[in-house]
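# Architecture and fold: a report
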Amino acid sequence: MARNKRRARGPAAEAVTEPVAGGVAELIPDPEHPRAWTLLIDGAPQSHVDLDDPARLGFAYQRRLGHVIDLVAPPGRPLKAVHLGGGALTLARYVAATRPRSTQQVVEVDAPLVELVRRALPLDPAARIRVRTADARAGLGKVPDGWADLVVADVFSGARTPAHLTSTEFLTEVRRVLAPGGHYAANLADGPPLAHLRGQIATAAAVFPELALAADPAVLRGRRFGNAVLLASGVPLPVAELTRRVATDPHPGRVEHGRGLTDFTGGAAAVADARAKDSPLPPASVFE
């Protein structure tokens, strides 16, 4: 496969551009950290990873997912985790660094992207991370009942989540693979009027009794397009500590749960496969 490299800032840093199944992938070096990279697909940021410090999460939504990973079990306890969507394997690396001896499965549909990431951003050989090239929902179907302590969904085709990963049928499959007391976390993206986000909360509420949502206040108020992290489980959530951590991030966010989250949902209906749609396309200005 042909590669096009262009020199970036820093004497040893080179950006890498390659075609992958989902478009054109770019690995852009971080000028402040010598072995840190941002992955973009067709110009849309997908992942940031620091090979020297996998526990350092560069994107606000990744830090919120990192808080979830920290809080779903006692510190340091190994997890059985399923990651739907691989990107640069940032969150799988985070789990491996913060919870040694965890067993993880990553499902990523883009085989050329997986090959690029493995080559350019190699995994720690000691990490128990298995990467499977498959559609996220099909790969989830191969996970045994009750196997996972945590399922993380961070799946974007370009900049949109595919419709078949937004339905009650999909979330019912997620709940099937979760162990009792397991947790589901999803990276969602939406902007005004937030119809997709409200529908996703209603969809999760049809499957899970306990929900919380973390996002930038401007996103929750419908003032701009952005990411929101949804956390769901069959058991009570660590809402107080999640709220504290999200509020004290470098980019502070807000957590909604209980009555506040119900009010935010605004009577939206759960989404079934028959009427599921891809998540909205972000405005071009989001990536400028």
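Predicted model, so just to flag it, every value in this text is computed and none were measured. (Residues numbered from 1 in each chain as written. Predicted model: local features only at pLDDT ≥ 70, side-chain atom pairs only at ≥ 80, totals over all residues. Heavy atoms only, no water.)

### Looking at the nonpolar core
Formed by 36 residues in total, the largest nonpolar core has its most connected members in Leu84, Val151, Val174, Tyr184 and Leu213. Excluding residues within four positions of it along the chain, leucine 84 makes contact with Val107, Ala136, Leu140, Val151, Val152, Ala153, Asp154, Val155 and Phe170. Membership of the second largest hydrophobic core comes to 26 residues, among which are Tyr61, Val72, Val152 and Ala185. (Core = buried A, V, L, I, M, F, W, Y, C linked by side-chain atoms within 4.5 Å. Buried < 20%, exposed > 50% of the residue type's maximum accessible area, 1.4 Å probe, protein only. Contact = heavy atoms within 4.5 Å.)

### Focus on the packing of helix H1 (residues 60–71) against helix H2 (residues 90–98)
Between H1 and H2, the shortest axis-to-axis distance is 11 Å and the interhelical angle comes to 35°. Where H1 crosses over H2, the two elements pack in a sense that is right-handed. Note on element contacts: H2 touches H1 through Thr90, Leu91, Tyr94 and Val95, opposite Gln62, Leu65, Gly66, Ile69 and Asp70. For the contact of H1 with H2, a count of residues per class yields 5 nonpolar, 3 polar and 1 charged. (Axes fitted to C-alpha atoms, helices over the stretch in contact; angles between N-to-C directions. Helix = DSSP H or I, 4+ residues; strand = E, 2+ residues; numbered from the N terminus. Left-handed = near helix turned anticlockwise from the far one by under 90°. Nonpolar A, V, L, I, M, F, W, Y, C, P; charged D, E, K, R; others polar.)

### Some details on the layout of surface pockets
Volume-wise, the second largest pocket comes out at about 280 Å³. Lining the second largest pocket are 17 residues, and of these Arg93, Ala96, Ala97, Asp124 and Ala127 lie nearest its centre. Considering every element that reaches the lining of the second largest pocket, the biggest residue donor is H2, with 3 residues. Residues of the lining of the second largest pocket, tallied by class, amount to 10 nonpolar, 1 polar and 6 charged. (1 Å grid on protein atoms, 1.4 Å probe; cavity = no way out; pocket = protein on both sides within 12 Å on 5 of 7 lines; lining within 4 Å. Points joined across faces, edges and corners; volume = space filled by probe spheres on them.)

### A closer look at the sheet that holds strand E8 (residues 128–133)
Two modes of strand pairing occur in sheets, parallel and antiparallel, and in both the strands are linked by backbone hydrogen bonds. The strand order E8-E7-E6-E9-E10-E12-E11-E13 describes an open sheet built from 8 strands, whose pairing is mixed. At either end of the open sheet lies a strand with only one pairing partner, and these are E8 and strand E13 (254–257). Direction aside, neighbouring strands of the sheet carry axes that sit 15° apart on average. Contacts between H1 and the sheet are confined to strand E9 (148–153), strand E10 (178–190), strand E11 (210–215) and strand E12 (226–233), with E12 contributing the most and set at about 15° to the helix. (Pairing = 2+ DSSP bridges.)

### Here's the deal with the packing of aromatic side chains
As enumerated under the stated definition, the model contains 2 aromatic pairs in all. On the basis of an interplanar angle of 40° and a centroid distance of 6.2 Å, the ring pair of phenylalanine 59 and tyrosine 61 is categorised as tilted. Of the residues examined, phenylalanine 59 reaches a relative accessible area of 19% and is grouped as buried. For the pair tyrosine 184 and phenylalanine 208, a centre-to-centre distance of 6.1 Å together with 5° between the ring planes defines the contact as stacked. Placement of the pair is tyrosine 184 in strand E10 and phenylalanine 208 in the loop between helix H6 (195–205) and E11, with a sequence separation of 24 residues. Note on accessibility: tyrosine 184 and phenylalanine 208 belong to one class, buried. The cationic tip of arginine 198 hangs over the ring face of phenylalanine 264; the distance from NZ or CZ to the ring centre is 4.7 Å. (Phe/Tyr/Trp six-rings, centres within 6.5 Å; stacked < 30°, edge-to-face > 60°. Lys NZ or Arg CZ within 6 Å of the ring centre and 35° of its normal.)

### Brief notes about the pairing of strand E3 (residues 23–29)
Burial within E3 is extensive, with 5 of its 7 residues counted as buried. Here strand E2 (residues 14–20) pairs with E3 via 5 bridges, running antiparallel. Residue pairing for E3: proline 19 is matched across the bridge by valine 24. Here E2 hands over to E3 after 2 residues, the two strands then running antiparallel side by side.

### Structural notes on unusual backbone geometry
One can expect most non-glycine residues to show negative phi and most peptide bonds to be in trans. Between proline 192 and proline 193 the backbone carries a cis peptide bond, its omega angle lying at 10°. Along the chain, the position of proline 193 falls in the loop between E10 and H6. Here the phi dihedral of leucine 89 falls at roughly 65°; this positive angle occurs in a residue that is not glycine. Structurally, leucine 89 can be placed in the loop between strand E6 (80–84) and H2. Residues other than glycine seldom take positive phi values, yet arginine 101 does so here, at roughly 75°. Here arginine 101 is to be found in the loop between H2 and strand E7 (103–108).

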